[in-house]
2 protein chains.
Amino acid sequence: MYRILVVDDEEKIREVVREYGEFSGHKVYEAWDGIQAVKMCRENEFSIIIMDIMMPRLDGFSAVKEIRKYTNAPVLMLSARGEEYDKLFGFELGVDDYVTKPFSPKELMARINAIISRDKGRGNKKQLDFNGLNIDLDGRSVYVDGNKVDMTPKEYDLLVYMAKNKNRALTREQLLRDIWGYDFYGDDRTIDTHIKMLRSNLGPYRNYVVTMRGIGYKFEAENE
Amino acid sequence: MYRILVVDDEEKIREVVREYGEFSGHKVYEAWDGIQAVKMCRENEFSIIIMDIMMPRLDGFSAVKEIRKYTNAPVLMLSARGEEYDKLFGFELGVDDYVTKPFSPKELMARINAIISRDKGRGNKKQLDFNGLNIDLDGRSVYVDGNKVDMTPKEYDLLVYMAKNKNRALTREQLLRDIWGYDFYGDDRTIDTHIKMLRSNLGPYRNYVVTMRGIGYKFEAENE
DNA sequence: GATAAAATTTCACATGATGTTCACACAAAT
DNA sequence: ATTTGTGTGAACATCATGTGAAATTTTATC
């Protein structure tokens, strides 16, 4: 599932991308001009950004330039037929491809897939998102509403394990076996203490960790 | 001036690339197989790597896989007409383009230029900047607030490796394997000592090297 | 090839962070 | 009301890292 941001003032274009994107199982977000796009990129991470060049308020190139301060997500530029522009300038901003309007939706999706595949190989970060709770798996760090939260290794491991097995009831035995290791002889209740610490670190999202009385715990949340 | 590495066992191919590359004012380096290429990449930084797939000793894909431990320079793969291979696999390794032999030298150079322009936009310079901490990869030298800092080879390698993998938690095993080599049998704690030296050399930026308790270390900074 | 210098590695100890246990209070189920 | 299970704080045990110094290896110099 990719997170696609399409930026265009034409409703029609956004609609096409949304339709085909969602058909392929991706999540499509929309912005209607550069300003809006920058704002969204400051707050979210996208797999790819489809950006029109000619837009009111803030044009596509300027928007990309601004966006590059926050993310290096791949960018595909849309241009109207006959529009003249400096491709090289785009490359310097990290633009990955150009598509001329009108385009065939199928071709667009193919290019999107190609770009994302290539980008993945460059080592983009893997992460888990649950609204304001964000886990950076490569950096082993956790963010709550954008603020980094310090966690001990066990707390982090516990959180990631539960998040990866979200919406499943996990027994204490299972947690001990998979996180502590098969050779742990300690008390069941050790987990409770770590859950306590984890909850206090999750702050407003402490209720994502649900107690399953008599069983264990469950991580209950939807990836946004 | 780009630094182009062409890897091919065919003398003819290397010659064409060298000729056209130098005509365009670039510096062209040559390797005749994968092993040679890996060795050169470990010691030097290239703007782009032109890599044949079918080669004696070590094939192109395996070579790229190995090279990715040292650099993320863009790669253009050369394949003989009719050769079948998995493009997707290449993308995962960060392969930027494919060209089928025989090719027109002019087209090859055009593609090289396109890739490098794109790569530049992604911020792939021969130097790494983190505010007042500056690493010159060509000169293997480090500057702190403009002043050159003397580092031992291991300290430098450690810093560069961590900087290239910034914001990723790196285990001691990973660091030992990738910097010391797979055949290092020494103590884990060796790293700690080098980290200590590195930190003291980084002066005001010592806190860029973050301890990940129970895991290893992480280089935490944004290239301005 | 011998010697000195530099770099690397090992090691032991102190310190602080983390993990575990436990007792008690409290809440939920029957 | 009784039983059973969980939340919590504090005490305790354990573990990982920072550090200095010594031992070893590598490199440079004569």
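Residues numbered from 1 in each chain as written. Chains lettered and ligands numbered in written order. Predicted model: local features only at pLDDT ≥ 70, side-chain atom pairs only at ≥ 80, totals over all residues. Heavy atoms only, no water.

Colleague: Would you mind showing me how to read unusual backbone geometry here?
Modeller: Residues apart from glycine generally show negative phi values, whereas peptide bonds are mostly found in trans. Residue and element names in this part refer to chain A. The amide bond that connects Lys 101 to the next residue, Pro 102, takes the cis arrangement and shows omega of 0°. Along the chain, Pro 102 turns up in the loop between β5 (95–101) and α5 (105–121). The residue Asn 131 is not glycine, and still its phi comes out positive at about 50°. Locating Asn 131 in the fold gives a position in the loop between β6 (127–130) and β7 (133–136). (Helix = DSSP H or I, 4+ residues; strand = E, 2+ residues; numbered from the N terminus.)

Colleague: Whenever I open this one, the pairing of strand β1 (residues 3–7) of chain B confuses me. Can you help?
Modeller: In regular strands, side chains alternate between the two faces of the sheet. Residue and element names in this part refer to chain B. The element β1 is extensively covered by neighbouring structure, given that five of its five residues are classed as buried. Neither face of β1 is exposed, since Arg 3, Leu 5 and Val 7 on one face and Ile 4 and Val 6 on the opposite face are all buried. Pairing analysis gives five bridges linking β1 to strand β2 (residues 27–31), with the strands arranged parallel. Note that in β2 the partner of Arg 3 across the bridge is Lys 27. (Buried < 20%, exposed > 50% of the residue type's maximum accessible area, 1.4 Å probe, protein only. Pairing = 2+ DSSP bridges.)

Colleague: Looking at this structure, how should I read the side chain of A:Arg172?
Modeller: Residue and element names in this part refer to chain A. Inspection of the secondary structure puts Arg 172 in helix α7 (residues 172–180). A polar side-chain atom of Arg 172 sits 3.1 Å from a polar atom in the side chain of Asp 192. Setting aside residues no more than four positions away along its own chain, Arg 172 makes contact with Asp 188, Ile 191, Asp 192, Ile 215, Gly 216 and Tyr 217. (Polar contact = N/O pair within 3.5 Å; in protein donor to acceptor, adjacent residues only side chain to side chain. Contact = heavy atoms within 4.5 Å.)

Colleague: How should I be thinking about the pattern of salt bridges in this particular structure?
Modeller: For side chains of opposite charge, pairing can occur when their charged atoms come near one another. All names here are of chain A. One pass over the full model with this rule turns up 32 salt bridges over all chains. In this structure, the salt-bridge partner of Lys 101 is Asp 52, at a minimum N-O distance of 3.3 Å. With Lys 101 in strand β5 and Asp 52 in strand β3 (residues 48–52), this residue pair connects regions lying 49 residues apart in the sequence. This pair shows no difference in class: Lys 101 is buried, exactly as Asp 52 is. Each of Asp 8, Glu 10, Asp 52 and Lys 101 takes part in a single network of salt bridges with overlapping partners. (Salt bridge = Lys/Arg side-chain N within 4 Å of Asp/Glu carboxyl O.)

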